[in-house]
Amino acid sequence: MTSLETGLKAVVVGASGGIGLAVAAALEADRRYASVIRLSRSQTGLDLVDEATIRQAASDVGDRFGTIDLVFDATGALAMDGQGPEKTIRAIDPAAMAKQFAVNAIGPALLLKHFAPLLHRDRRAVFATLSARVGSIGDNRLGGWISYRAAKAALNQIVRTAAIEIARSRPLSLVVALHPGTVETSLSADFSRNHAVFSPAEAAAKLLAVLEGLDSSRTGGFFAYDGQSIEW
Ligand SMILES: NC(=O)c1ccc[n+]([C@@H]2O[C@H](COP(=O)([O-])OP(=O)(O)OC[C@H]3O[C@@H](n4cnc5c(N)ncnc54)[C@H](OP(=O)(O)O)[C@@H]3O)[C@@H](O)[C@H]2O)c1
């Protein structure tokens, strides 16, 4: 957001999660934001695998605000149904892989479908979604986690494609995928050994600062918590 604007309205999706909770708190503490709506599966019933709940949530936000300045999507999953990410292609399970795509790629695509129409047409408006560096194809040197990696790579393509389309009607929009770094949340608890770990509050501050520093010329990009662009 440009620093002089006030009365801003934000929606945080996945506000029940480690990073989402911290992002919502940081926005609420920011005097430029007049309203921050927290949406989540566990607290408000927005389930990424049930489009009707997304449509309803967007319709409710539209009824209340008309247009909005920021949608921050902090949803996502690594382990699902107690099953962690695969270490080898021998462990590929089609149902588990489909669920990864449903939550990490198709869900955010549906958020774009239903929330992008609420972004301002005539001034800056941001849609940011949490991807992961492991979704980068060019940066993949370790292998493993094939379903999560592939779903995040798909998410990155969805963001890029949607950004191009959204820019036609909203030339000041910024639609981006973000990598938060390794953040101390329930998602990372079993996998963060040997990695630098940020607290959720630190990650939220860094990610919001990255958004502040980007203008619409950077729409469709994939950025890390330090503002660096990540290769696809
Ligand atoms: N933590 C890290 O180190 C790290 C690193 C790289 C990328 N990321 C990405 O950052 C994002 C947030 O991660 P986190 O660490 O904050 O995880 P988290 O604490 O586990 O939070 C995950 C959030 O996703 C929501 N969610 C999961 N499935 C959903 C569904 N079907 N419908 C709606 N909401 C759903 C959860 O909602 P409920 O709890 O309400 O069900 C929760 O709000 C993810 O996309 C993750 O891939 C995290």
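Relevant structure appears above.
Quick look at the structure, then. (Residues numbered from 1 in each chain as written. Predicted model: local features only at pLDDT ≥ 70, side-chain atom pairs only at ≥ 80, totals over all residues. Heavy atoms only, no water.)

**As for the pairing of strand S2 (residues 33-39)**
- Extensive coverage of S2 is indicated by the burial of 5 of its 7 residues.
- In terms of strand pairing, strand S1 (residues 8-13) meets S2 through 6 bridges, oriented parallel. Paired with Leu8 across the bridge in S2 is Tyr33.
- With respect to chirality, the unit in which S1 leads through helix H1 (residues 18-28) into the neighbouring parallel S2 is right-handed. (Buried < 20%, exposed > 50% of the residue type's maximum accessible area, 1.4 Å probe, protein only. Helix = DSSP H or I, 4+ residues; strand = E, 2+ residues; numbered from the N terminus. Pairing = 2+ DSSP bridges. Right-handed = clockwise from strand over helix to strand, strands pointing away.)

**Comments concerning helix H3 (residues 51-65)**
- Spanning 15 residues, H3 covers 21 Å between terminal C-alpha atoms, matching the ideal 21 Å at 1.5 Å per step.
- Of all the positions in H3, only Thr53, Ile54, Ala57, Ala58, Val61, Gly62 and Phe65 are classed as buried.
- In this structure, the buried side of H3 is in contact with S1, S2 and helix H4 (94-115).
- Phi turns positive, to about 75°, at Gly66, one or two residues after H3. (Expected span 1.5 Å × (residues − 1). Contact = heavy atoms within 4.5 Å.)

**Focus: the site of the ligand**
- Around the ligand sit 29 residues, and of these Ser16, Ser42, Thr75, Tyr148 and Thr185 come closest.
- Expressed as a share of its isolated accessible area of 890 Å², the protein-covered part of the ligand is 90%.
- Among the secondary structure elements, those contributing two or more residues to the shell around the ligand are H1, helix H2 (41-44) and helix H5 (146-169).
- In the shell around the ligand, the residues fall into 11 nonpolar, 15 polar and 3 charged. (Near = heavy atom within 4 Å. Areas by Shrake-Rupley, 256 points an atom, 1.4 Å probe, with all protein chains shown as cover. Nonpolar A, V, L, I, M, F, W, Y, C, P; charged D, E, K, R; others polar.)

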